Amino acid sequence: MATHDEDFLKRLLATFRVEAGEHIQAMSSGLVELEKMPAGEERSETVENIYREAHSLKGAARAVNLAEMETLCHVMESVFAELKSNRVDATPALFDLLNQTLEALGGLLATAGQAKSGTQKQAVAALVRRLADALKRAPPAARDARPARAATPTEPGVSAEPA
């Protein structure tokens, strides 16, 4: 006979599965939309929406103790933050990696509440490394880009700040 806590956890996990499926679907749709956008088009709203979905899924995964899913979502957040600020390029290779990550999230969702195999844990760790590597490969100038500051005036009494 299941205890009250076990019943609660089962209901929580069932609710999580529905919510997580919606987040994964929204991220997948957003990625498709992003991939179809012409290179010069403003992408920040779409990237922001995907970022928020990853963030929400990360928090939900944490609430039900799904550490692998939480970890994948965390590193995806980092990728989307860098995309949003144009510090990493939206390349076909990056989109492929993000789609693979969404597939992995779907696999983790399918086995939510079950013990993870060593193979599954290794696959998640490999994806985390690949996503982190994608961030490291961003061009140094883009990674380190900061808004330019006005040059310090050479004339005494002249402010570098705009009036």
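Criteria and thresholds
- Residues numbered from 1 in each chain as written.
- Predicted model: local features only at pLDDT ≥ 70, side-chain atom pairs only at ≥ 80, totals over all residues.
- Heavy atoms only, no water.
- Salt bridge = Lys/Arg side-chain N within 4 Å of Asp/Glu carboxyl O.
- Helix = DSSP H or I, 4+ residues; strand = E, 2+ residues; numbered from the N terminus.
- Buried < 20%, exposed > 50% of the residue type's maximum accessible area, 1.4 Å probe, protein only.
- Polar contact = N/O pair within 3.5 Å; in protein donor to acceptor, adjacent residues only side chain to side chain.
- Contact = heavy atoms within 4.5 Å.

All right, on to the pattern of salt bridges then. Going through the model one piece at a time under the given rule, you end up with 5 salt bridges. Of the charged contacts in the structure, one is a salt bridge between Glu-48 and Lys-84, with a shortest N-O distance of 2.3 Å. In this pair, Glu-48 is assigned in helix α2 (residues 44-63) and Lys-84 in helix α3 (residues 67-84), connecting sequence segments 36 residues apart. According to the relative accessible area criterion, Lys-84 is partly exposed, its value standing at 40%.

This paragraph deals with the side chain of Glu-77. Here Glu-77 shows up in helix α3. Within the structure, Glu-77 has its side chain in polar contact with the side chain of His-55 (distance 2.5 Å). Those residues in contact with Glu-77 that sit more than four places away from it in its chain are Tyr-51, Ala-54, His-55 and Lys-58.

Quick look at the environment of Ser-29 now. Residue placement: Ser-29 occurs in helix α1 (residues 4-36). Residue class for Ser-29 comes out partly exposed when judged on its relative accessible area of 39%. Once the C-alpha coordinates of Ser-29 and Ile-50 are considered, the two residues, 21 residues apart in sequence, prove to be 8.9 Å apart.

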